[in-house]
Each structure stands twice: as C-alpha cells, then as structure tokens.
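# Residue-level structure breakdown
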Amino acid sequence: MVDKLENIRSQFLNYIIEAFSFHLNEPLLFTQLFFWIFLLIVLGGYIFVYNLQGEKVKWKVLYLLLVSFYFYYKTSGVFIILLWYVIIADFFIGKKIYESQNASTKKWWLTLSIANSLLLLSYFKYSQFFVESFNQLFHTNFQYVNYFSIFTNACFNTHFDIDKLIFPVGISFFLFQTMSYIIDIYQRKVEPVNSIIDYGFFVCFFPHLVAGPIVKAHDFLYQIRMPYQLTILEFKQAWWLIMKGFTKKTIADYLAIQMIDKIFDNPNYFTSYENFLAIIGYSYQVYADFSGYTDMAIGIALLFGYRLKKNFNYPYKAQSPSEFWQRWHISLSSWLKEYLYIPLGGNRGITWASYIVLLIITLFLTLLYGSWWMFVFIVLILLVLIIWSKYNASVKRAFERDVNIMVTMLLGGLWHGSSWLFVIWGGLNGLAVVVHKQWEKISPFRNTNSIIVKLSLMILTLLFISFTRIFFRSQTLESANKMIYKLFNGWEWKYIGEINWHYKDVLLLLILMYILHWMPEKWREKVFQKIYLLPIWLLVPITCIIVLLMYQLMSAESKPFIYFQF
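Residues numbered from 1 in each chain as written. Predicted model: local features only at pLDDT ≥ 70, side-chain atom pairs only at ≥ 80, totals over all residues. Heavy atoms only, no water.

## Regarding unusual backbone geometry
Here the phi dihedral of His 139 falls at roughly 55 degrees; this positive angle occurs in a residue that is not glycine. Residue His 139 is classed as exposed on the basis of its relative accessible area, which comes to 72%. (Buried < 20%, exposed > 50% of the residue type's maximum accessible area, 1.4 Å probe, protein only.)

## Some thoughts on the packing of aromatic side chains
By the definition in use, this model includes 68 aromatic pairs. Judged by centre distance (6.0 Å) and plane angle (85 degrees), the rings of Tyr 72 and Phe 174 are edge-to-face. Here Phe 174 lies in helix H7 (residues 171–186) and Tyr 72 lies in helix H3 (residues 57–76), a separation of 102 residues in the sequence. The pair Tyr 72 / Phe 174 is uniform in exposure class, with both members buried. (Phe/Tyr/Trp six-rings, centres within 6.5 Å; stacked < 30°, edge-to-face > 60°. Helix = DSSP H or I, 4+ residues; strand = E, 2+ residues; numbered from the N terminus.)

## Details of helix H6 (residues 147–156)
Looking only at H6, the buried set comprises Phe 148, Ser 149 and Thr 152. The buried side chains of H6 occupy one side of the element, clustering within an arc of 100 degrees when seen end-on. Opposite the buried face of H6, at more than 90 degrees from it, the exposed residues are Tyr 147 and Ala 154. Residue Asn 146 occupies the N-cap position of H6, its side-chain oxygen lying 3.1 Å from the main-chain nitrogen of Phe 148. Of the residues flanking the end of H6, it is Asn 157, one or two places downstream, whose phi is positive at about 60 degrees. (Arc of directions from axis to C-beta. Polar contact = N/O pair within 3.5 Å; in protein donor to acceptor, adjacent residues only side chain to side chain.)

## A word on helix H13 (residues 330–341)
Here H13 spans only 14 Å end to end across 12 residues, well under the 16 Å set by a 1.5 Å rise per residue. Every buried residue belonging to H13 is among Ser 331, Leu 332, Trp 335, Leu 336, Glu 338, Tyr 339, Leu 340 and Tyr 341, and all of these are buried. (Expected span 1.5 Å × (residues − 1).)

## Some remarks on the packing of helix H4 (residues 80–99) against H7
Interhelical geometry of H4 versus H7 gives an angle of 10 degrees and a closest axis separation of 9 Å. By the angle class used here, H4 and H7 are roughly parallel. Residues Leu 83, Val 86, Asp 90, Ile 93, Gly 94, Ile 97 and Tyr 98 of H4 form the contact with H7, whose participating residues are Phe 174, Leu 175, Thr 178, Tyr 181, Ile 182, Ile 185 and Tyr 186. Grouping the constituent residues of the contact of H4 with H7 by class yields 11 nonpolar, 2 polar and 1 charged. (Axes fitted to C-alpha atoms, helices over the stretch in contact; angles between N-to-C directions. Parallel < 35°, antiparallel > 145°, perpendicular 65-115°, else oblique. Contact = heavy atoms within 4.5 Å. Nonpolar A, V, L, I, M, F, W, Y, C, P; charged D, E, K, R; others polar.)

## So, the environment of Thr 111
On the secondary structure map, Thr 111 appears in helix H5 (residues 103–138). Taking relative accessible area as the criterion, Thr 111 reaches 47% and is therefore assigned partly exposed. Taking the C-alpha atoms as reference points, Thr 111 and Phe 151, separated by 40 residues in sequence, lie 27 Å from one another. Within polar-contact distance, the side chain of Thr 111 engages the backbone oxygen of Lys 107 at 2.8 Å.

## Considering the pattern of salt bridges
This structure, assessed with the given rule, holds 15 salt bridges. Put simply, Glu 478 and Lys 482 hold a salt bridge, and the shortest N to O gap is 3.7 Å. Residue Glu 478 and its partner Lys 482 are located together in helix H19 (residues 477–488), separated by 4 residues, close to a single helical turn. Relative accessible area serves as the criterion here: at 52%, Glu 478 is assigned to the exposed category. On the basis of relative accessible area, Lys 482 is assigned to the partly exposed category, the value being 32%. Among the ionic contacts, a cluster of salt bridges with common partners joins Lys 189, Lys 216 and Glu 338. (Salt bridge = Lys/Arg side-chain N within 4 Å of Asp/Glu carboxyl O.)

Okay, here's the thing in structure tokens:
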C-alpha cells in the first residue's frame, strides 16, 4: 500500500514537473489534449475572479497575464524574457511620447521604439542570413554566432547551438502589436495605459499571442477594464468558432500528410496532375491551418469576454487578387495598410519614405543575390522609371500610385522570411494587385451580375493564388522550379482516373471543403441561426461527436501551425 501511494505521489510530481517544463520542439498547440485541460483549469480560475468589480478588476487582468506568460513559456521557453523586455521598454516609451510637449522629442521616442522593435525582429529573424550574405557579397569568412544563445546557455542552463539562429515563436506578431501601440499614442488615437499589467495583457493575451490575429491598440485597449459580459448567443458563437477551427486544423493536417507534403517534397516523382492537385490542396491547407488557429483564438478570447476582429472572410470567394487580400489575414493586411502603406503615401503618391523603404528592399535583395550587380540593376531600373515619369504624365501617375503597393507587398513577403521564394511570392501578388487596378478601369465585367462570369473570376483568382503558393510552400527555388515545370509539361491524361481513385478520400474531402467555403452567405446565415438556437446541453454531445470524427483523421503527432514559423 505504501509503495502504491509512493508511486502515485511520484507520478503526480513528474506530471507537475512536466507541466512546467519547456521542450523546444514540442510547443503548446491548440489541438493538444494538454491545452484543453489547461484551458478548462484557466476558465475555472477565471470564474473565481471574473465578477470582481471596481479597482479589483486588475486581479482579473493580472490573472490572465500570468496565464499568458505560462502559455508563452510552454511555447517558447526562455524567449519569454524577450517578451518581458518589449513590454517594459514600450510601456515607458509610450508614456514618454504622450507626456512630451515637444514634437521633435515625441518623434525621437517614436523612432527609438520602432528601431528597437525592428532590430529585435531583424536579429532573431534575419541575423544569420545577413552574416552569410555579407560573406558572399564581400568574400569574407565571418562565423555566425548567436549571442542570445550564449547568454541563455550561461544564465539559464539552456543547450542551444550558438552557431544557429533560433526563432522565437510569435515574435513578428507581438512586435507588430507593440508598434501599433506606440504609433497610436504618437498619433493620439489612444492614451497610454496606466498599468504595466494592462499593457502586458494587451501584448500577450494568450489566444492571439503566437499566431494572431494581430491586435491593434485602438481596437483592444478599451476592452481591458470593461466588466465581463458574455451572452448565451456569444457563448454559442465562441463554441462554434472553436469547433470550426479545430475541425479545419485537423483536416488541414490530414490533407498535408496524405497528399500535399509528399508531392511538394519530391515534385519530380509525381505526375503533372498530382502536382496540380497538390497546389490546389495546399491553398486550402494553409487557409484551414491558419484560419483554424485564428477561429479558435477568437472563440477562446470571447469566452473570457474579449472581442477580437475576424481575420479571414472566405478568401477563395475573391474575384480578383485585390479582393483576395481584403479577405486574407485581414489583421496583417490592415496593419500594413494603416501603418505602412498610408504613411508611405498610399494611393496619393510616392514620398521620401517610399524611397527609403525602396533602398532598404534593394539592399536586402542585393544580400539575397550575393552580388553588387543586383544593386546596380535595381537602381538603374528605378532611375529609368523616375526619369521617365518626369517627362510622361501617365507613367508618373502609374509609378507614384503603384510603387507603394509593390513596396508593401514585397515587405509583406520579406516579413515571412529571408528567401527569394518569399520575395517572388510577395512580388507576384503585388504585381497582380497593380495589374488588376489597371484592368478594373477597362474591364467589361466590372459591374456584372452574371453568375458564370463571377464563378470564372473566382476560379481564375484561386488558380493564380495557388500558383504563387508554390513559392510560399517550397523549401528551395529549385524545388519550386521543378513543380512549375511539371505543371506545364508532360500531362498524361490517361492516368487521371487512376490518380483520382488513389486519392479518392483526400479529394472528396477537399472538394467538400471548397464547396462549404463557397457556400452563399444567405445559406451560411441560416446554418448559423440553427446552431445558435441549439440548447446549451446539446453542445456537449455534439462536441464529443466532432472530436471523435476528427480523431479518425488525426495522425499520431500533431503538426505545428504553419504560421508558428513566422
């Protein structure tokens, strides 16, 4: 009996130790059982504190802040010190900006904060690339050293390789949020929060912390101290978002494992038709994976009484590349528009800031190519366009209007990583948006109500976006080129029936998902109304059925969310 009790005690202690341990290659995922146990415990604690009023509301915020710190620690380990540093630095800089009466002093503090965030992002995302590219460009032989890894190995007993870059999960997302806070204060859209606890909560509220949606200060700060409120309808909405997101993520993993990954990894080993299926399948996979995460994030946040904005609006319903980017990753698109595209001049024209960003992009592309000839080539093209625009009014209008679109899309591509693949992906999408804006002026289909025309435009947009995804998904430019070659050469129609049968389960599921995606809004609203009329008790058995069905599709090991790497 004593031995059994000792064994139980030992197992319990091991579980507690494991619960507070971090494993580099095992981030805490929304699809893991551990996360749902964690969420139930957190909700239980929240029930205890949610009804505290007045000044005691801070305990609710402090509780969720500590929970969020734990969540990020389980996801990124020692990198939580970066999160603490950013919170402390920008909290006090925000106050300095707001209190300063001198315009140049305000601008100095703003510049300091933005530079701090961009330097952190550059170091943890691009530093190894910069060293390797510098060596190639100047024929040097500098060794890359990760000084942060040296610091954590010495101070926190980590065991990171000091010659490799380790990317902190979610750094792009939470730095964009801190920048929005500082810029909003500078532009007098918001006042700085009084408590660092409130600011820390804004930055790292755990549902959206590691993969969005990106939360802007003026959309969230006012909610922090609001009394908790959750109607029955909102509870059902939260439940529906969580179930929908969980289902989409499970299906995304199933499609990837059963078909997409193996074809993208070795495009030459498969037929042209299989490569085509892979890119169409990947378009849905990346949508289901990313929107699945944000659906769950929005639903979980709603359970705690906080409303996050929609991040996806059925993007494959888009009838043009421009419309697609209004529906896809809305929080990033709107962030880039509000804090980059409009300050650069937007559609009003090019500004000195546009030229500075163009220079930065040019230097980045020069490092990517590894030769000064790339710098000379791009500068010559820009000079030709600038000179030409001086003597041709139509070229001037086009150049001034479209350059900011291209700059924004190229930076959006580079935000994803230091690779020609992301540059090409961003460039193709930017070019498509520019061309579409010109086409709109002369398009005979601009105000058409023809279902056939709309459907055709929707399919063409999907095909184009899917084509650009080749560069987004491929590991190397060589692999992308192989897939493109297979798509346009050697189609063997006689094997299509056999291939369809081989992938019948995957294809039937993929077709069903696209049909549901394209469902008319009126039908979707009717489905939502039916769901919202369900009694609360019925949600429990429905949840069990959904989980059991998705369990049949799950692999032995959950795949991390795609946007964790960004």
